[in-house]
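An overview of the molecular structure
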Amino acid sequence: MKEFSDSPASEKIPFWFDPKKRAILFQFITFCMVGLLAYYLISNTLINLKRQNIATGFSFLHKESSFEIGESLIAYSAASTYGRALLVGALNTIKVAFVGIVITIILGTFIGVARLSTNWLISKLAAIYIEVMQDIPVLLQLFFWYAIFYETLPSPREAVSPGAGIFMSNRGVAFTIPEAHPAHKSMLLAFVAACMIVYLIRRWARKRQEKTGQFFPTFRVGIAIVLGLPFITWLAFGAPMEMDVPKLIGFNFEGGLTVSPEFIALLLGLVLYTAAFVAEVVRAGIQSVSKGQREAAMSIGLRPALVLNLVILPQALRVIVPPLTSQMLNLTKNSSLAVAIGYPDFVSVANTTINQTGQSIEGVALIMVVYLFFSLSTSAFMNWYNRKVALVER
Amino acid sequence: MEQAVQAEELRPPITSVGFIGWLKNNLFNGVLNSILTIMTLFFLWKVIPPIFRWAFIDSAWHTTGQACRQAAGACWSIIYTNFRFMIFGFYPFEQQWRPFVAMMILFGLLFYSRNRNHWKKPLAYAWIIGLFTMGLLMKGGIFGLKSVESTQWGGLPLTLLLAVFGLTAAYPLGVILALGRRSKMRGVKVLCILYIELIRGVPLISLLFMSSIIFPLFLPEGININKILRAQAAIILFTAAYIAEVVRGGLQGMSRGQYEAAESIGLNYYLTMRLVILPQALKIVIPPTVSILISAFKDTSLVVIIALFELLKTTQSVLSNPEWMGFSREAYFFVAIFYFLGCFSMSNYSRRLERELSRGD
């Protein structure tokens, strides 16, 4: 009878059969192992640093950098600090990533749509582009474009001019830009104001449509305002027309806007490579919207533009946005390959800093922190956007 | 009845079948498409013939660098002359059959593994033996093979070595990380999430810098690990995080019923995972795993930046030779073909596999 009277609860279970206690033990062991490994590595590092007489810490950021940086968005000279040099690098990374992402999305969408074209020739060309560009390492593409720039284009003295006011040479591409004028600042302000007005109009139009069903051509009016307002400002300032044409002085162009070959090669490589991936994302997104949706939208009498705007795009974006985010992040991370062709991005500047100061741990840590920041902030923004376009369910 | 016969004899107009019909349907359906087609054809006509002329008609094939500069077209001589260096790097010239045989073993194994019917235990053993033999062939030092230091390894074998070993080691690590991320144990889960997100948030270059600059500081005095192994470790740690995310997708695709069924027949965690969950989950994610493989293969080119002599670096060092300076297009084109063939066959294979798997078996 004894075995029947014993209920399992009263029996003492050894702790290695109790999943809860076992989990605690297991986690404890894991943490101990990770901790020990960290301790081992850190203590070794400290010993090695002491032996090599390397001071740790970020005090080097305040020292004079004494190296030049080819292009910079803010004032910088060799007398500036390492901290400022790194800031210049970070800004350069942001510059190439931002311009790259904008062009990539446009080009990628274009190719993705071309891939779905009913035109056999265009569809096949897009398919070839996507396959070839995806299968060649982006670093190789960067080297290729950089080499093309250096080997094909002549020196500034024999610069080729494909269009009025544009000069291409192996020192970069020089563009003619309007000469600085106080009007430009006001035009920028007018542009920002126009954007805000359009945003308000859109909200108002949407509300009115939901209430009364009346449609307001937001898009056309919006374009008119965004372009019109700065134009009126420009006229109001007496329509300044002076142009800043690049002139050949000595061995290089002066004046105008010169874009360095490194920047162009980096941009070209990143954009052409990532656009192939974006094209696939866009294609998959558009294909994910079933044919019935388009037919249903047309059957209730929507015009083609509205079918695209109100029915197809909102559904396709839902599929497109998450993978598009990871492609944008890939582009940003791949921009670190700039170090291989000498564009002064963050990694490149940090690398120079490491070589000069020997602060390798701090340097690499900075690289990681900055890219983590880029990654996390981009994905935070895209998550916010994704929530906005995501399916609203009950 | 007569009418039916007549209807059968009525043939479609010549303009809607055959070649003309195809043209009409695919290239000239509508005004816009016709304009697009004509513009594209014009563009191709402007672009393709000059490239063809450059690559094949005006090109130089077996000349010296000096003679190449006279030619109007491509200078393929740069590849013809430097082929062995570009492929094998600084590996001793008379020993280069060894990396060649190693690569052949790898290609043989890959080719044999293409068929899913061959995915059995013996194949796994064959891979282990094959990888071991490849390492042995490269390194030498026994069986009368001359020892070749890994500092002399280079070119295509190094690229393949980094990719293949990187993936074989990263895969199990990635699976463990994915399981950890799905674990009910908070501590383990947090550690795995931290690792995965941290690695995925930073570019591979930063890890390669870490491996080449910082890693020596991590080790006690007197212990040195060679550069290739360090870069290899960085690639493994990097790829594992990406594999973990792919595998996690597969694990999430498993229905609860599978876990419950395994539990109900009394399997413990380890057996549940090994016998029930992982075989199914890993099968679902074969296609995305192949894309990770493809990007890992492409990413091996990044070791150029820490000055390892893989395929791209050997090519660059040929290009820095004054005799061959200025023929980057041809040289990079040649390297691109290698990468393209590798990646294209992998992505093709992945598509085939996807079709096979979706057919259900």
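Conventions used here
Residues numbered from 1 in each chain as written. Chains lettered and ligands numbered in written order. Predicted model: local features only at pLDDT ≥ 70, side-chain atom pairs only at ≥ 80, totals over all residues. Helix = DSSP H or I, 4+ residues; strand = E, 2+ residues; numbered from the N terminus. Rg over C-alpha atoms; globule rule 2.2 N^0.38 Å. Buried ≥ 20, exposed ≤ 12 C-beta atoms within 10 Å, placed from the backbone. Contact = placed C-beta atoms within 7 Å. Core = buried A, V, L, I, M, F, W, Y, C linked by C-beta atoms within 7 Å. Nonpolar A, V, L, I, M, F, W, Y, C, P; charged D, E, K, R; others polar. Axes fitted to C-alpha atoms, helices over the stretch in contact; angles between N-to-C directions. Parallel < 35°, antiparallel > 145°, perpendicular 65-115°, else oblique. Left-handed = near helix turned anticlockwise from the far one by under 90°. Domains from an automatic or database assignment. Expected span 1.5 Å × (residues − 1).

Here we come to the overall build of chain A. A count of helices and strands for chain A gives 13 helices and 7 strands. For 394 residues, the compact-globule estimate of 2.2 N^0.38 gives 21 Å, and chain A exceeds it by more than 25% at 29 Å. Viewed in the frame of its principal axes, chain A has a C-alpha envelope of about 105 × 75 × 45 Å. The buried share of chain A, reckoned over its 394 residues, is 30%. Within chain A, contacts between residues at least 6 apart in sequence are counted, and of these 66% link residues at least 24 apart.

Per the secondary structure count, chain B includes 16 helices and 0 strands. In terms of overall size, chain B is more extended than a compact globule, its C-alpha atoms giving a radius of gyration of 27 Å where 361 residues would be expected to give roughly 21 Å. With the C-alpha coordinates aligned to their principal axes, the bounding extent of chain B is approximately 90 × 75 × 40 Å. Within chain B, contacts between residues separated by at least 24 positions form 67% of all contacts whose residues are at least 6 apart in sequence.

Further remarks concern the nonpolar core. Ranked by internal contacts, the top residues of the largest apolar core, which has 143 residues, are A:Leu139, A:Leu142, A:Leu266 and B:Leu208. Per-element tally for this core: the top contributor is helix α8 (residues 261–288) of chain A, with 15 residues. Ignoring anything within four residues of it in the chain, the contact list for A:Leu139 reads A:Leu337, A:Ala340, B:Ser301, B:Leu302, B:Val304 and B:Leu312. Counting 6 residues, the second largest nonpolar core, distinct from the first, contains A:Ala159, A:Met168, A:Val173 and A:Ala174.

Looking now at the interface of chain A and chain B. Note on interface size: it is often stated as the accessible area lost on association of the parts. Chain A puts 45 residues into the contact, and the matching count from chain B is 41 residues. The set of elements that each furnish at least two residues to the side of chain A that touches chain B consists of α2 (19–51), α4 (120–134), α5 (138–152), α11 (338–341), α12 (346–357) and α13 (360–389) of chain A. The biggest single contributor to the side of chain A that touches chain B is α2(A), with 11 residues. Partitioned by chemical class, the residues of the side of chain A that touches chain B number 31 nonpolar, 10 polar and 4 charged.

What follows concerns the packing of helix α8 (residues 155–181) of chain B against helix α11 (residues 227–252) of chain B. Residues and elements named next belong to chain B. Where α8 contacts α11, the two axes come as close as 6 Å, and the packing angle between them is 45 degrees. In terms of orientation, α8 and α11 fall into the oblique class. In the crossing of α8 with α11, the sense of the turn from one axis to the other is right-handed.

Each domain of chain A was delimited in the assignment, giving domain 1 (2–51) and domain 2 (82–179 + 242–389). Here the C-alpha centroids of domain 1 of chain A and domain 2 of chain A sit 48 Å apart.

In this section: α5(A). All names here are of chain A. In a regular helix each residue adds 1.5 Å, so 15 residues correspond to 21 Å; α5 covers 21 Å between its end C-alpha atoms and thus fits that length. Buried residues dominate α5, accounting for 11 of its 15 residues. Of the residues making up α5, those classed as buried are Val 138, Leu 139, Leu 140, Gln 141, Leu 142, Phe 143, Phe 144, Trp 145, Tyr 146, Ala 147 and Phe 149.

Residues and elements named next belong to chain A. For the pair helix α3 (residues 82–115) and α12, the least separation of the axes is 7 Å and the interaxial angle reads 155 degrees. The angle between α3 and α12 places the two elements in the roughly antiparallel class. Taken together, the residues of α12 that come into contact with α3 (itself represented by Tyr 82, Ala 85, Leu 86, Val 88, Gly 89, Ala 90 and Thr 93) are Phe 346, Ser 348, Val 349, Ala 350 and Thr 353. Looking at side-chain class alone, the contact of α3 with α12 contains 8 nonpolar, 4 polar and no charged residues.

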